[in-house]
Amino acid sequence: MIDKFEKKWEESQINGWKKDKDKVVKFFSKSDLNIADIYDHITSLNYDKMQVICYLLNKIMKVIKICDFLDTLEKREHADVDVIKIYLLISHAEIAMNNFKIKDKKVEMVKKFFDPVIDKYSLNYKIKMSLESIEDVGTMSFSEILYKIRCEYTHEGNYTGKIFKKTDDDYSNLFRFRSNNKDVHGECNLTYQKFLNIFMDALIENIKIFSNYEK
(Lines give C-alpha, C1' and ligand atoms only; values in the text may rest on other atoms or scores of the structure.)
Protein backbone atom coordinates (compact mmCIF):
# COMPACT_ATOMS: atom_id res chain seq x y z
CA MET A 1 0.00 0.00 0.00
CA ILE A 2 2.79 2.40 0.96
CA ASP A 3 4.70 1.56 -2.23
CA LYS A 4 1.62 2.29 -4.34
CA PHE A 5 1.09 5.62 -2.56
CA GLU A 6 4.74 6.60 -3.03
CA LYS A 7 4.59 5.62 -6.69
CA LYS A 8 1.51 7.78 -7.25
CA TRP A 9 3.15 10.65 -5.36
CA GLU A 10 6.27 10.42 -7.50
CA GLU A 11 4.22 10.30 -10.71
CA SER A 12 2.22 13.33 -9.57
CA GLN A 13 5.39 15.28 -8.85
CA ILE A 14 6.99 14.33 -12.16
CA ASN A 15 3.88 15.40 -14.08
CA GLY A 16 3.85 18.68 -12.15
CA TRP A 17 7.50 19.38 -12.92
CA LYS A 18 6.94 18.65 -16.60
CA LYS A 19 3.98 21.05 -16.64
CA ASP A 20 6.21 23.71 -15.04
CA LYS A 21 8.55 23.74 -18.04
CA ASP A 22 7.26 26.97 -19.63
CA LYS A 23 7.33 28.79 -16.29
CA VAL A 24 10.89 27.71 -15.49
CA VAL A 25 12.19 28.37 -19.01
CA LYS A 26 10.63 31.86 -18.96
CA PHE A 27 12.18 32.58 -15.56
CA PHE A 28 15.68 31.72 -16.80
CA SER A 29 15.18 33.68 -20.02
CA LYS A 30 15.31 36.85 -17.88
CA SER A 31 19.00 36.02 -17.40
CA ASP A 32 19.51 35.46 -21.16
CA LEU A 33 19.56 31.68 -20.71
CA ASN A 34 17.60 29.21 -22.84
CA ILE A 35 17.24 26.06 -20.74
CA ALA A 36 14.41 24.35 -22.67
CA ASP A 37 16.54 21.37 -23.75
CA ILE A 38 18.22 21.14 -20.35
CA TYR A 39 14.84 21.11 -18.62
CA ASP A 40 13.67 18.28 -20.89
CA HIS A 41 16.80 16.41 -19.88
CA ILE A 42 16.15 17.07 -16.17
CA THR A 43 12.60 15.71 -16.39
CA SER A 44 13.85 12.55 -18.10
CA LEU A 45 16.18 11.60 -15.23
CA ASN A 46 15.44 9.04 -12.56
CA TYR A 47 13.13 10.36 -9.86
CA ASP A 48 15.74 10.85 -7.11
CA LYS A 49 18.01 13.00 -9.26
CA MET A 50 15.09 14.86 -10.81
CA GLN A 51 13.72 15.66 -7.36
CA VAL A 52 17.05 17.12 -6.18
CA ILE A 53 17.25 19.46 -9.19
CA CYS A 54 13.59 20.49 -9.30
CA TYR A 55 13.46 21.20 -5.56
CA LEU A 56 16.62 23.29 -5.96
CA LEU A 57 15.20 25.21 -8.93
CA ASN A 58 12.10 26.08 -6.91
CA LYS A 59 14.25 27.32 -4.02
CA ILE A 60 16.39 29.42 -6.35
CA MET A 61 13.38 30.92 -8.12
CA LYS A 62 11.84 31.92 -4.78
CA VAL A 63 15.02 33.50 -3.45
CA ILE A 64 15.53 35.46 -6.67
CA LYS A 65 11.99 36.81 -6.38
CA ILE A 66 12.98 38.05 -2.92
CA CYS A 67 16.13 39.62 -4.38
CA ASP A 68 14.03 41.25 -7.11
CA PHE A 69 11.82 42.77 -4.41
CA LEU A 70 14.92 44.07 -2.61
CA ASP A 71 16.13 45.52 -5.91
CA THR A 72 12.80 47.32 -6.29
CA LEU A 73 13.12 48.61 -2.72
CA GLU A 74 16.58 49.93 -3.54
CA LYS A 75 15.34 51.79 -6.62
CA ARG A 76 12.24 53.25 -4.95
CA GLU A 77 13.61 54.07 -1.50
CA HIS A 78 17.39 54.02 -2.07
CA ALA A 79 17.60 51.17 0.46
CA ASP A 80 20.96 49.59 1.22
CA VAL A 81 20.31 45.98 0.14
CA ASP A 82 23.28 44.74 -1.92
CA VAL A 83 24.84 42.84 0.98
CA ILE A 84 21.53 41.11 1.76
CA LYS A 85 21.19 40.04 -1.88
CA ILE A 86 24.74 38.66 -1.84
CA TYR A 87 24.00 36.82 1.41
CA LEU A 88 20.90 35.18 -0.08
CA LEU A 89 22.51 34.20 -3.37
CA ILE A 90 25.82 32.97 -1.96
CA SER A 91 23.99 30.95 0.70
CA HIS A 92 22.03 29.28 -2.09
CA ALA A 93 25.23 28.62 -4.02
CA GLU A 94 26.30 26.61 -0.95
CA ILE A 95 22.90 24.88 -0.85
CA ALA A 96 23.24 23.97 -4.53
CA MET A 97 26.65 22.38 -4.04
CA ASN A 98 25.38 20.50 -0.98
CA ASN A 99 22.52 19.16 -3.09
CA PHE A 100 25.05 18.10 -5.73
CA LYS A 101 26.96 16.10 -3.07
CA ILE A 102 30.00 18.39 -3.05
CA LYS A 103 31.53 18.11 0.42
CA ASP A 104 34.11 20.76 1.30
CA LYS A 105 34.63 23.92 3.34
CA LYS A 106 31.89 26.43 2.61
CA VAL A 107 34.24 28.92 0.99
CA GLU A 108 35.49 26.14 -1.33
CA MET A 109 31.92 25.18 -2.19
CA VAL A 110 31.24 28.76 -3.29
CA LYS A 111 34.42 28.68 -5.38
CA LYS A 112 33.36 25.39 -7.01
CA PHE A 113 29.90 26.81 -7.75
CA PHE A 114 31.42 29.62 -9.84
CA ASP A 115 34.32 27.58 -11.29
CA PRO A 116 32.44 26.58 -14.50
CA VAL A 117 32.01 30.26 -15.48
CA ILE A 118 35.01 31.95 -13.83
CA ASP A 119 36.99 32.28 -17.09
CA LYS A 120 33.96 32.90 -19.29
CA TYR A 121 33.23 36.15 -17.44
CA SER A 122 36.76 36.96 -16.20
CA LEU A 123 35.25 37.05 -12.73
CA ASN A 124 38.46 37.70 -10.80
CA TYR A 125 38.63 41.03 -12.63
CA LYS A 126 34.97 41.92 -12.02
CA ILE A 127 35.00 41.87 -8.21
CA LYS A 128 38.49 42.35 -6.81
CA MET A 129 40.50 43.86 -3.96
CA SER A 130 42.28 47.19 -4.09
CA LEU A 131 46.06 47.08 -4.48
CA GLU A 132 46.46 48.63 -1.01
CA SER A 133 44.35 45.89 0.59
CA ILE A 134 46.26 43.16 -1.25
CA GLU A 135 49.48 44.53 0.24
CA ASP A 136 47.82 44.65 3.67
CA VAL A 137 45.99 41.29 3.94
CA GLY A 138 46.96 39.33 0.83
CA THR A 139 44.93 38.53 -2.26
CA MET A 140 41.42 37.04 -2.40
CA SER A 141 39.56 35.62 -5.36
CA PHE A 142 36.13 36.73 -6.61
CA SER A 143 34.41 33.89 -4.75
CA GLU A 144 36.39 34.47 -1.53
CA ILE A 145 35.33 38.13 -1.48
CA LEU A 146 31.68 37.18 -1.95
CA TYR A 147 31.99 34.61 0.83
CA LYS A 148 33.55 37.19 3.18
CA ILE A 149 30.65 39.59 2.49
CA ARG A 150 28.16 36.79 3.14
CA CYS A 151 29.91 35.90 6.43
CA GLU A 152 30.05 39.52 7.58
CA TYR A 153 26.27 39.69 7.23
CA THR A 154 25.74 36.28 8.85
CA HIS A 155 28.11 36.62 11.79
CA GLU A 156 28.21 40.37 12.43
CA GLY A 157 24.84 41.51 11.08
CA ASN A 158 26.47 44.08 8.83
CA TYR A 159 24.15 44.72 5.88
CA THR A 160 25.42 48.18 4.90
CA GLY A 161 27.37 49.07 1.82
CA LYS A 162 26.56 49.21 -1.87
CA ILE A 163 28.46 46.57 -3.82
CA PHE A 164 27.13 46.70 -7.39
CA LYS A 165 27.28 49.41 -10.04
CA LYS A 166 23.96 51.06 -10.78
CA THR A 167 24.34 50.98 -14.57
CA ASP A 168 26.71 49.41 -17.08
CA ASP A 169 28.04 52.86 -17.95
CA ASP A 170 29.08 53.70 -14.38
CA TYR A 171 32.64 53.44 -13.17
CA SER A 172 33.46 50.47 -10.94
CA ASN A 173 31.84 50.73 -7.53
CA LEU A 174 34.18 50.88 -4.53
CA PHE A 175 33.13 49.03 -1.38
CA ARG A 176 34.49 47.88 1.96
CA PHE A 177 34.25 44.64 3.93
CA ARG A 178 35.94 43.05 6.93
CA SER A 179 38.48 40.22 6.89
CA ASN A 180 40.45 39.01 9.91
CA ASN A 181 39.32 42.09 11.86
CA LYS A 182 40.67 44.42 9.19
CA ASP A 183 38.89 46.74 6.79
CA VAL A 184 39.41 45.57 3.22
CA HIS A 185 38.59 47.65 0.17
CA GLY A 186 37.24 46.19 -3.02
CA GLU A 187 36.06 47.17 -6.47
CA CYS A 188 33.01 45.82 -8.35
CA ASN A 189 32.55 46.18 -12.09
CA LEU A 190 29.15 44.45 -12.27
CA THR A 191 25.56 45.61 -11.98
CA TYR A 192 23.26 43.45 -9.87
CA GLN A 193 21.56 42.13 -13.02
CA LYS A 194 24.89 41.15 -14.58
CA PHE A 195 25.88 39.38 -11.37
CA LEU A 196 22.52 37.59 -11.27
CA ASN A 197 22.96 36.46 -14.89
CA ILE A 198 26.38 35.02 -13.98
CA PHE A 199 24.93 33.30 -10.90
CA MET A 200 22.18 31.68 -12.97
CA ASP A 201 24.63 30.58 -15.66
CA ALA A 202 26.84 28.99 -12.98
CA LEU A 203 23.79 27.22 -11.55
CA ILE A 204 22.87 25.73 -14.93
CA GLU A 205 26.45 24.64 -15.62
CA ASN A 206 26.54 22.82 -12.27
CA ILE A 207 23.19 21.19 -13.02
CA LYS A 208 24.63 19.98 -16.34
CA ILE A 209 27.56 18.41 -14.51
CA PHE A 210 25.38 16.81 -11.83
CA SER A 211 22.90 15.44 -14.36
CA ASN A 212 25.48 14.35 -16.96
CA TYR A 213 23.89 16.59 -19.57
CA GLU A 214 25.45 16.47 -23.01
CA LYS A 215 24.44 18.57 -26.00
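Data block above holds the structure.
Here is what the cut-offs are and how they apply
- Residues numbered from 1 in each chain as written.
- Predicted model: local features only at pLDDT ≥ 70, side-chain atom pairs only at ≥ 80, totals over all residues.
- Heavy atoms only, no water.
- Patch = residues over 30% accessible without salt bridge, like charges linked within 9 Å, V, L, I, M, F, W, Y side chains within 5 Å.
- Areas by Shrake-Rupley, 256 points an atom, 1.4 Å probe, with all protein chains shown as cover.
- Salt bridge = Lys/Arg side-chain N within 4 Å of Asp/Glu carboxyl O.
- Lys, Arg positive; Asp, Glu negative; His and termini not counted.
- Charge placed at Lys NZ, Arg CZ, Asp CG, Glu CD.
- Helix = DSSP H or I, 4+ residues; strand = E, 2+ residues; numbered from the N terminus.
- Buried < 20%, exposed > 50% of the residue type's maximum accessible area, 1.4 Å probe, protein only.
- Axes fitted to C-alpha atoms, helices over the stretch in contact; angles between N-to-C directions.
- Parallel < 35°, antiparallel > 145°, perpendicular 65-115°, else oblique.
- Contact = heavy atoms within 4.5 Å.
- Nonpolar A, V, L, I, M, F, W, Y, C, P; charged D, E, K, R; others polar.
- Core = buried A, V, L, I, M, F, W, Y, C linked by side-chain atoms within 4.5 Å.
- Phe/Tyr/Trp six-rings, centres within 6.5 Å; stacked < 30°, edge-to-face > 60°.

Draft legend 1. Just a positive patch on the surface, in detail. A cluster of basic side chains, namely Lys26, Lys30, Lys62 and Lys65, defines a positive patch on the protein surface. Positionally, Lys30 belongs in the loop between helix 2 (21–29) and helix 3 (36–42). Judged by relative accessible area, which is 56%, Lys30 ranks as exposed.

Draft legend 2. Spatial organisation of the packing of helix 4 (residues 47–77) against helix 9 (residues 192–211). Running from amino to carboxyl end, helix 4 crosses helix 9 at an angle of 175°, the nearest separation of the two axes being 12 Å. On the basis of their axis angle, the class for helix 4 and helix 9 is roughly antiparallel. Between helix 4, through Lys49, Val52, Ile53, Leu56, Leu57, Ile60, Ile64, Cys67, Asp68 and Asp71, and helix 9, the contact on the second element is made entirely by Tyr192, Leu196, Phe199, Met200, Leu203, Ile207, Phe210 and Ser211. Within the contact of helix 4 with helix 9, the residues separate by chemical class into 14 nonpolar, one polar and three charged.

Draft legend 3. Representation of the nonpolar core in the model. Residues Phe28 and Phe114 are the most contacted members of the largest nonpolar core, which totals 72 residues. Here the element with the most residues in this core is helix 4; it accounts for 12 residues. Residue contacts for Phe114: discarding those within four places in its chain leaves Ile90, Leu123, Phe142, Leu146, Phe195, Ile198, Phe199 and Ala202.

Draft legend 4. Region of the structure containing the packing of aromatic side chains. Applying the stated criterion across every chain, the model contains 14 aromatic pairs. With a centroid separation of 5.4 Å and an interplanar angle of 35°, the aromatic rings of Phe164 and Phe195 are classed as tilted. Here Phe195 lies in helix 9 and Phe164 lies in the loop between helix 8 (142–156) and strand 2 (173–179), a separation of 31 residues in the sequence. Look at Phe164 and you get buried, because its relative accessible area is 5%. An aromatic cluster of three or more residues is present, and its members are Phe113, Phe114, Phe142, Phe164, Tyr192, Phe195 and Phe199.

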